[in-house]
Amino acid sequence: MTAKLRQILSLSFVRRLVKDVDLDTSMIVKVILLVGLVLVISALTPSQNQIPRHFEIGTVWTHEDVIAPFSFPIYMEKSEYDKEVQQAKANVKPVFDKITIGEHSIDSAASLSLGLQRALKLQIAVDRERNRTARARDSVALRNLLQNMPYTFSVTGWTYLTERTRKNRAILNALGNMQPLIISVLSHDYGVGIIDRPRSQVKSNVIVVRKDNSETPLSMDAVLTLSDVSEELARKIGPVLYNDTAAARLVARAVVSEVLPNLSYNSVQTRREIEAAVDLVPRTVGLVKENERIIGRHDRITADIKLKLDSLAKALSERTGTADLILQFLGRLLMVFVIIGLLAIYLFLFRKKVFYSNRMLALIGVLLIFESLLMFFAFTTQTSLPLQYLVLIPVASMILTVIFDSRLAFQATVAMALLVGAMRGNDFAAAFASLSGGAIALYTVRDIKNRTQIFRSLVFIFLGYGIATLATSLQRAEDASTLLTELSLIGVNSILSPIITFGLLIFFERVFNITTDLTLLELSDFNQPLLRELSQRAPGTFHHSIIVGTLAEKAAEAVGGNPILARVGAYYHDIGKMVKPEYFVENTMDPTKSKHDWLPPDISVQVVVSHVSEGVELSKKNHIPQRVADFIPMHHGTTLVAYFYGKAMRRPFAKGDVSEEDYKYEGPKPNSKETAIVMLADSVEAATRSLQDKSLENVEAMVDAIVKSRYEEGQLDETNLTFADLTRIKESFLGVLSGIYHQRIEYPGQKEKLAEELGSAPGPQMAAQIEKCPSEKAEPSAEKPGESREQPEETPRKRTKTRPSDGSGKRSRGK
């Protein structure tokens, strides 16, 4: 009972521990990922020895002189050895055992003609019998007779024999008298030898016939098969059956079905002969003595020298003991740990957001394992082709660039290039080519605007690999054919890499729930269904979102955020307003008339606040990525809808019944630079539109007040924005707003020219417009929305001076 209780308690403790662990940020998970990645890559790394593993005939040896540390045999080239083995197997003759066939077996086969005679007689009798009882009796006897025969006739064959016999009764007598002929033919054929399989199954032209202790080689032309016996028998009994060739073949097949071959294939002995022949094939072609010089530095590698170097590497591998294997694995483990560790240090120091996200680390790990698998198959495949150029390093480089950035991708490319060189036996040329190809590939997608631009990297990948390979090839004095082979494989790599990148990028976006800049750029297209619908149903909100996007993009650039994410988030932050656009002032033609005038404030605030939840639902329905959908609730945070709260407070006897929490957005608060910037840009855009005097001083004062208010309300507490960031954000806002609301220059004579175009006697209203031209000509379209937004904010603005954002921010738009 106590043990069981302990088990239950331990299980509950483990469950609680796992439940409390945040898998995306847990340091334990990071350690598991690192250890697992190092172990997997180390296991995929081939073991090394003192001799470089990869060298080609015709190249120059650039390493130190190689002296044989001990005597060892020179092993034959594997392809040549395999060829010799196949030749040895082909020279082995199949073994057949000769079996003595007794006369009773021959007589049994010959007597089949008598059974066939009786069956045909019964068939004719059944066909002619009119008495039902007699017909039934003969039918039973015929059926039993045919079932006991070793050969089963087809319906067509049996019908043919019956008809021929009915027409020529002499055939029945011939069947009864042909036993001596059948015995003669079979006796002769048994003397020659009948094998138990078709000729097509015997691969040799000569077989060995064993009987007792003697072996006799025979040509396949000197023995017979059952098919040969059947044809010979048909020729012999044809004249007896009145030259009926078809009937003779049917009878011969029936007789041969009872014939037993007297030459039986001995598979066991044949296999032994093949194994013995293979064992006789020599594996070596010479011997290298101890202290013999195999090759010197700057010597050209010939076919013989390559055989000696390969043989030395094999001899060293065979002499490696268990302790040496363990030490080699520890060395590989340490090497991989250093390479991966350097990448991890870079992430910790310069990409903390990636380092603290286990999901992102897992993605990088998957790419590294993918490349390591390609390296493993390329470097362990027995071929003379330079398969190191088929390790698709550009795939990982481009994916990491698109998902993260070019600097992180370059660091990962360096790590993968080092792994290529390490797995290929410390081959600098392979590492250099991989680094060059991967680096050029990632730079081609650094500023990618759409997915199809991935394919433009094809040429640059080829150039990156090609130039690096040409450099090392010239250094090694490789011949033209070797260089051409390398360039051919590089061409395959440059074609495959963009195609695989295109597919894997979509895969990683879905599996790891990642929103890349490519996806954001696609979402920023105004032809996207959701944005197009927003522009049609709520044009004022759409125009507002565009301006907020411009403000947010500039501010994100200023503080080192993601400007594309900020702009796209701003485009979608108010999509919920298209559900009830008429309840928001920017979408009304007459701002002096509002549907909220006829609603109580508690209902109005529900309508206004609901645009957040409705926007979230629309984002889910239209599969908007979560990073973009977060802007919908976060751009309001937990701010107060001040206008309707003030309206509720002004009702008689309402102060005790009105709760401020009922007039706040549910949040959450912004949790990133980008969402916080959109919150500020949204308030700033709405407030500056409501200003009648849009001088730079007034706009700057409004921006300062809004940023200060949002900070004091604690809306920016969950972001990592600093005071310096807030200053840069305000400066970027002012730069954009000054471009939107700048003063126009009045050109001489423009009023008179406009009056002439409009007519000699304009009305009072038109005259007023002319008086404003041109410095204020563009203002009415901007002032009308501003006036409507200012109207519901007068009370909150007078109520408190410490929260200027409440009086000039989003509440002015009925938020």
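(A) Geometry of the sheet that holds strand S6 (residues 263-265). One open sheet accounts for 4 strands, arranged S5-S4-S3-S6; its pairing is mixed. If you trace the sheet from one side to the other, it starts and ends with strand S5 (214-219) and S6, each paired once. Recorded for the sheet is a direction-independent mean angle of 35° between the axes of neighbouring strands. Bridge count for strand S3 (residues 95-98) against S6 is 3 bridges, and the pairing is antiparallel. Across the sheet, the residue bridging to Lys98 is Leu263, located in S6.

(B) Examining the nonpolar core more closely. Residues Tyr572, Ile575, Val628, Tyr663, Val703, Ile729 and Phe733 are the most contacted members of the largest nonpolar core, which totals 67 residues. Beyond its immediate stretch of four places on either side in the chain, Tyr663 contacts Pro601, Asp602, Val605, Thr639, Leu640, Val641, Phe644, Tyr645, Ala648 and Val658.

(C) Region of interest: the pairing of S5. Bridging between strand S4 (residues 206-211) and S5 involves 6 bridges; their strand directions are antiparallel. Within the sheet, the bridge partner assigned to Val208 lies in S5 and is Pro217.

(D) Structural detail: the pattern of salt bridges. In the structure shown here, the tally under the stated rule is 24 salt bridges. Two residues, Arg424 and Asp427, come together in a salt bridge whose shortest N-O distance is 2.8 Å. The salt bridge partner of Arg710 is Glu713, with a shortest N-O separation of 3.4 Å. Residue class for Glu713 comes out partly exposed when judged on its relative accessible area of 21%.

(E) Seen up close, the packing of helix H16 (residues 358-380) against helix H17 (residues 393-403). Look at H16 against H17: their axes get within 9 Å of each other, and the N-to-C directions meet at 170°. Regarding the angle of H16 to H17, the classification is roughly antiparallel. The residues of H17 that touch H16, namely those facing Leu363, Ile364, Leu367, Phe370, Glu371 and Met375, are Ile393, Val395, Ala396, Ile399, Leu400 and Ile403. When grouped by side-chain class, the residues that make up the contact of H16 with H17 number 11 nonpolar, no polar and 1 charged.

(F) Representation of the side chain of Thr515. Mapped onto the elements, Thr515 comes out in the loop between helix H21 (480-511) and helix H22 (517-523). Residue Thr515 is classed as buried on the basis of its relative accessible area of 5%. Apart from the residues lying within four places of it in its own chain, the contact partners of Thr515 are Leu520, Pro625 and Arg627.

(G) Structural context of the packing of helix H5 (residues 112-128) against helix H8 (residues 170-177). Between H5 and H8, whose axes approach to 7 Å, the crossing angle comes to 155°. With respect to each other, H5 and H8 are oriented roughly antiparallel. Crossing hand, H5 versus H8: left-handed. From H5, Ser113, Leu114, Leu116, Gln117, Leu120, Lys121 and Ile124 reach across to H8, where they touch Leu172, Asn173, Leu175 and Gly176.

Thresholds applied
- Residues numbered from 1 in each chain as written.
- Predicted model: local features only at pLDDT ≥ 70, side-chain atom pairs only at ≥ 80, totals over all residues.
- Heavy atoms only, no water.
- Pairing = 2+ DSSP bridges.
- Helix = DSSP H or I, 4+ residues; strand = E, 2+ residues; numbered from the N terminus.
- Axes fitted to C-alpha atoms, helices over the stretch in contact; angles between N-to-C directions.
- Core = buried A, V, L, I, M, F, W, Y, C linked by side-chain atoms within 4.5 Å.
- Buried < 20%, exposed > 50% of the residue type's maximum accessible area, 1.4 Å probe, protein only.
- Contact = heavy atoms within 4.5 Å.
- Salt bridge = Lys/Arg side-chain N within 4 Å of Asp/Glu carboxyl O.
- Parallel < 35°, antiparallel > 145°, perpendicular 65-115°, else oblique.
- Nonpolar A, V, L, I, M, F, W, Y, C, P; charged D, E, K, R; others polar.
- Left-handed = near helix turned anticlockwise from the far one by under 90°.

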